[in-house]
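A closer look at the structure
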Amino acid sequence: MKNIKNLSKVLVSCAALLLLAACRKEQAQSASQAGTPIERTDPLASWNDTKVKKDIIAYIKDVTDSKSPNFIPVQDRIAVFDNDGTLWSEQPFYFQLFFAWDQVKALAPQHPEWKNKQPFKAVLENNMGDLMKQGKNGLLQIVGVSHSGMTTEEFNSNVRKWIDSARHPVKKKLYKELIYQPMLELVKYLQEREFKVFIVSGGGIDFMRAWTEEEYGIPSYQVVGSTLQARYDYNSGKPSIVKLPALDFNDDREGKPVAIEKYIGKKPVFAAGNSDGDLQMLQWTASNKYKNFELYVHHTDSVREWAYDRKSPVGTLDKGLDEGKAKNWSFADMKTDWKIIYPEK
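Report follows, based on the coordinates. (Residues numbered from 1 in each chain as written. Predicted model: local features only at pLDDT ≥ 70, side-chain atom pairs only at ≥ 80, totals over all residues. Heavy atoms only, no water.)

Quick word on the overall build of the chain
For the chain, the helix and strand inventory stands at 14 helices and seven strands. Considering the chain as a whole, with its 345 residues, one finds that 47% of them fall into the buried category. When contacts within the chain are restricted to residue pairs at least 6 apart in sequence, those whose partners lie at least 24 apart make up 64%. Looking at the chain as shown, the accessible area adds up to about 17600 Å², and 53% of this sits on carbon and sulfur atoms. (Helix = DSSP H or I, 4+ residues; strand = E, 2+ residues; numbered from the N terminus. Buried < 20%, exposed > 50% of the residue type's maximum accessible area, 1.4 Å probe, protein only. Contact = heavy atoms within 4.5 Å. Areas by Shrake-Rupley, 256 points an atom, 1.4 Å probe, with all protein chains shown as cover.)

This is how it looks when you write it as structure tokens:
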């Protein structure tokens, strides 16, 4: 008899658990059907509980709540992120320049004349200072020889090999390990709330497309960047796109809103950047008729990352700092707003 009573209690407990689970499932389905997404415990776990985190979460909840007057239809939930300095580090120079630097060294045995010819001489002598003295034209030459004269598939393969093996000269980590964990969480949170997230960067579009889906979860077709000219080759029935050593479009500053209109076709409601190069993109987003959100990543942590803004030759934040504060845009202060900078392995 005692065993029967114990068995009865177990069955009753199991029935209660099953009923509770069914109720929770029904509540979740009802909430989803009502247009109210189910919230994870903390979608921005790597952020400290400061004002900017609360503002981001409050905004996303508000504009995705079908009962809110600020509700934004799914088809209009466009978010744009700069890459360098916003999704991963950019000091002491943009990481794509380090890629070009390494590619020139790999090609050097085929070009003995480079030993005495700038800007290649500076690269082969590991003299970044002399390379910077060559100015824009010198940098374009480096990019031209390292990014062109090959098919897009060949270039993609070169980038993948580099991103999986090359290490930062200061941090001594793989470049892909210098991605900001707090921003990865923000991208994922927006995606979970049915935002379509794009990268809009001054960096090379093909360079980024080789790895952004794997590292950020952002598909290659949602990457907008600077482009080189290219041509189509049929190759006796084997079509290919060949990259040419000439700039086609510079996706920076005023170019960013133009690129957004050209490649995305809708004005964003959420924009994140870190420099004056992103100012026009944030201005464009702020002009949206829907409730919008502008975010600047402010590099203030000299210990865990780098501290820089107004006077930095890379990632200068001067006009954007003033305008952002005047317009009450949000600033993610790395030192105070982020628990961690990079993903912990």
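So, the packing of helix α11 (residues 255-264) against helix α12 (residues 279-286)
Running from N to C, α11 and α12 point in directions that differ by 55°, and their axes come no closer than 7 Å. The orientation of α11 relative to α12 falls into the category oblique. Contacts from Lys256, Pro257, Ile260 and Glu261 in α11 reach Gln280, Met281 and Trp284 in α12. (Axes fitted to C-alpha atoms, helices over the stretch in contact; angles between N-to-C directions. Parallel < 35°, antiparallel > 145°, perpendicular 65-115°, else oblique.)

Considerations on helix α2 (residues 51-63)
Each α-helix turn comprises 3.6 residues. Residues three or four places apart therefore point the same way. Its 13 residues give α2 an end-to-end C-alpha distance of 18 Å, which sits within 8% of 18 Å, the value for a rise of 1.5 Å per residue. Buried residues of α2: Val52, Lys53, Ile56, Ile57, Tyr59, Ile60, Asp62 and Val63, and no others. Turning to α2, the residues buried within the fold contact α8 (181-192), β5 (270-273), β6 (293-298), β7 (330-333) and α14 (334-337). (Expected span 1.5 Å × (residues − 1).)

Focus on the pairing of strand β1 (residues 78-81)
Going residue by residue along β1, you find Ile78 and Val80 tucked away on one face and Ala79 and Phe81 tucked away on the opposite face as well. Both β1 and strand β2 (residues 196-204) contribute to a ladder of four bridges, which runs parallel. Bridged to alanine 79 within β2 is valine 197. Alignment of β1 against β5, held across three bridges, turns out to be parallel. Looking at β5, one finds that phenylalanine 81 is bridged to alanine 272. (Pairing = 2+ DSSP bridges.)

Describing the packing of aromatic side chains
Inspection of every chain in the model, using the stated rule, returns 22 aromatic pairs. Their ring planes at 75° and their centres at 5.5 Å tell us that phenylalanine 99 and tryptophan 162 sit as a pair that is edge-to-face. Taken together, the positions of phenylalanine 99 in helix α3 (residues 95-107) and tryptophan 162 in helix α7 (residues 152-163) put the pair 63 residues apart, joining distant regions of the chain. The pair formed by phenylalanine 99 and tryptophan 162 is uniform in burial state, with each residue classed as buried. Taking the centre distance of 6.0 Å and the plane angle of 55° together, the rings of tryptophan 162 and phenylalanine 207 count as tilted. You can see tryptophan 162 sitting in helix α7 and its partner phenylalanine 207 sitting in helix α9 (residues 205-209), a full 45 residues away along the chain. Phenylalanine 207 carries the same exposure label as tryptophan 162, and that label is buried. (Phe/Tyr/Trp six-rings, centres within 6.5 Å; stacked < 30°, edge-to-face > 60°.)

Looking at helix α6 (residues 135-147)
Taking 1.5 Å as the rise per residue, α6 with 13 residues should run 18 Å; its terminal C-alpha atoms sit 18 Å apart, in good agreement. Along α6, the positions that sit buried rather than exposed are Gly138, Ile142, Gly144, Ser146 and His147. Phi turns positive, to about 75°, at glycine 149, one or two residues after α6.

So, the sheet that holds β5
The strand order β4-β3-β2-β1-β5-β6-β7 describes an open sheet built from seven strands, whose pairing is mixed. Both outer strands of the open sheet, β4 (240-249) and β7, are each paired with one neighbouring strand and no more. When the angles between neighbouring strand axes are averaged without regard to direction, this sheet yields 35°. Bridging between strand β3 (residues 223-233) and β4 involves six bridges; their strand directions are antiparallel.

Digging into the pairing of β7
With four bridges joining them, β6 and β7 adopt parallel strand pairing. Bridge pairing links leucine 295 to serine 330 in β7. Crossover handedness for the path β6 to helix α13 (residues 319-326) to β7: right-handed. (Right-handed = clockwise from strand over helix to strand, strands pointing away.)

Here's the deal with the nonpolar core
Among the nonpolar cores identified, the biggest contains 68 residues, and Trp47, Phe81, Met183, Leu186 and Leu295 are the most heavily contacted of them. The element best represented in this core is α3, accounting for seven residues. In this view, leucine 295 contacts Trp47, Val52, Ile56, Met183, Leu186, Ala271, Ala272, Gly273, Leu282, Ser330, Phe331 and Ala332; residues no more than four positions away in its chain are not counted. If you look at the next biggest cluster of nonpolar residues, it comprises 18 residues, including Val80, Ala271, Leu321 and Phe331. (Core = buried A, V, L, I, M, F, W, Y, C linked by side-chain atoms within 4.5 Å.)

A short note on unusual backbone geometry
With omega at -5°, the peptide bond leading from glutamine 91 into proline 92 counts as cis. With respect to the element layout, proline 92 can be found in the loop between β1 and α3. In this structure, the amide linkage connecting glutamine 118 to the following residue, proline 119, adopts the cis form with an omega of 5°. At asparagine 235, a residue that is not glycine, the phi angle is positive and equals roughly 50°. Its location among the elements puts asparagine 235 in the loop between β3 and β4. Since its relative accessible area comes to 43%, asparagine 235 is described here as partly exposed.

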